[in-house]
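Structural overview
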Amino acid sequence: SANYHDLKRRFGCRQPNITTRQQLSKTTRTDIYRTRGLKRGTMRNIIAIMKKELSTYFTTPIAYVCFTGFSIISAYFFLQILAHYQLQIQMYGHSPESLEQMNFNDMVIGPVIYNVLVIFLFFIPFMTMRLFAEEKRNRTFEFLLTTPITPFQLLIGKYLSSIVLVGIMTFITL
């Protein structure tokens, strides 16, 4: 059983008023979670925001433009690196020692992954910049802040929607 100091260390200063050991034993974990803001429906709110953002992405052309641009640029880099690999195989392929050193993973897959990571540096901000800017432009940001969701839930819901979008974009290029 946890004592007063363990609860204080674990949950910080937002714990319920506990003064005696009898009150400590009566305090349940749900009471402590409730004082920290972890209420029922937290995940429901986060998933609702995530679904709203994903539907916004897929009802506007921004997701499709990003997917197409990312796929075309990734395919271009892959084909260029593959052509360079084929050229090296033709030039140095006659000796078995050089063929052992020409590993497909090291010479093609590795550089393609590095190039895709650099492409991500440009596409991810392009897709995520609009998350809060769109709310402010449509003047729905104040409405969102007055709903019974916390700013943390809003942030996590929007973050998860962008993670799902990046996952779909990565899956398309496989």
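A brief report on the enclosed structure follows. On a predicted model such as this, the values are computed, not experimentally measured, just so you know. (Residues numbered from 1 in each chain as written. Predicted model: local features only at pLDDT ≥ 70, side-chain atom pairs only at ≥ 80, totals over all residues. Heavy atoms only, no water.)

1. Looking at the overall build of the protein chain
- Tallying secondary structure elements over the protein chain gives 10 helices and 0 strands in all.
- Starting at the N terminus, the α and β elements of the protein chain follow one another as α-α-α-α-α-α-α-α-α-α.
- Counting only residues that meet the buried cut, the protein chain has 28% of its 174 residues in that class.
- Of the contacts made within the protein chain by residues no fewer than 6 positions apart, 65% connect residues no fewer than 24 positions apart.
- Only carbon and sulfur atoms are counted for the fraction: they give 63% of the accessible area of the protein chain, which is about 12,400 Å². (Helix = DSSP H or I, 4+ residues; strand = E, 2+ residues; numbered from the N terminus. Buried < 20%, exposed > 50% of the residue type's maximum accessible area, 1.4 Å probe, protein only. Contact = heavy atoms within 4.5 Å. Areas by Shrake-Rupley, 256 points an atom, 1.4 Å probe, with all protein chains shown as cover.)

2. Describing helix α10 (residues 151-173)
- Its 23 residues give α10 an end-to-end C-alpha distance of 34 Å, which sits within 8% of 33 Å, the value for a rise of 1.5 Å per residue.
- For α10, the full list of buried residues reads Q153, L154, G157, K158, S161, S162, L165, V166 and M169.
- Buried residues belonging to α10 abut α4 (42-59), α5 (62-92), α7 (104-128), α8 (130-137) and α9 (141-146). (Expected span 1.5 Å × (residues − 1).)

3. Section: the side chain of K158
- Topologically, K158 is positioned in helix α10.
- Apart from the residues within four sequence positions on either side, K158 is in contact with I49, E53, L131, F132 and E135.

4. Let's talk about the environment of S71
- Looking at the secondary structure, you find S71 in helix α5.
- Between the alpha carbons of S71 and M169 there is a distance of 8.1 Å; along the sequence they are 98 residues apart.
- Contact partners of S71, with chain neighbours within four places excluded, come to I172 and T173.

5. Here's the deal with the packing of α4 against α8
- Where α4 meets α8, the closest approach of the two axes is 12 Å, and the angle between their N-to-C directions is 85 degrees. It follows that α4 is roughly perpendicular to α8 by the angle criterion. Where α4 approaches α8, its residues K52, E53, T56 and Y57 are matched on the opposing element by R130, L131 and E135.
- Its residues assigned to classes, the contact of α4 with α8 shows 2 nonpolar, 1 polar and 4 charged. (Axes fitted to C-alpha atoms, helices over the stretch in contact; angles between N-to-C directions. Parallel < 35°, antiparallel > 145°, perpendicular 65-115°, else oblique. Nonpolar A, V, L, I, M, F, W, Y, C, P; charged D, E, K, R; others polar.)

6. Comments concerning the side chain of Q153
- Of note, Q153 is situated in helix α10.
- Q153 sits in the buried class, given a relative accessible area of 5%.
- A distance of 3.1 Å separates the side chain of Q153 from the side chain of N45, its partner in a polar contact.
- Excluding residues within four positions of it along the chain, Q153 makes contact with T42, N45, I46 and I49. (Polar contact = N/O pair within 3.5 Å; in protein donor to acceptor, adjacent residues only side chain to side chain.)

7. A look at the nonpolar core
- Of all hydrophobic cores here, the largest spans 20 residues; its most connected members are Y57, F70, F120, F123, M127, L165 and M169.
- Broken down by secondary-structure element, the contributors of at least two residues to this core are α5, α7 and α10.
- Those residues in contact with M169 that sit more than four places away from it in its chain are C66, F67, F70, F120, F123 and M127. (Core = buried A, V, L, I, M, F, W, Y, C linked by side-chain atoms within 4.5 Å.)

8. Some details on the pattern of salt bridges
- Considering all chains together, one arrives at 4 salt bridges under this definition.
- Close ionic contact of E53 with R130 constitutes a salt bridge, the shortest N to O distance being 3.7 Å. Here E53 is found in helix α4, whereas its partner R130 is found in helix α8, with 77 residues between them in sequence. R130 carries the same exposure label as E53, and that label is buried.
- Salt-bridge contacts for E134 lead to R137; the nearest nitrogen and oxygen are separated by 2.6 Å. Of this pair, E134 and R137 are both found in helix α8, 3 residues apart, which corresponds to roughly one turn of the helix.
- With relative accessibility at 22%, the residue E134 sits in the partly exposed group.
- A network of salt bridges, in which partner residues are shared, links K52, E53, R130 and K158. (Salt bridge = Lys/Arg side-chain N within 4 Å of Asp/Glu carboxyl O.)

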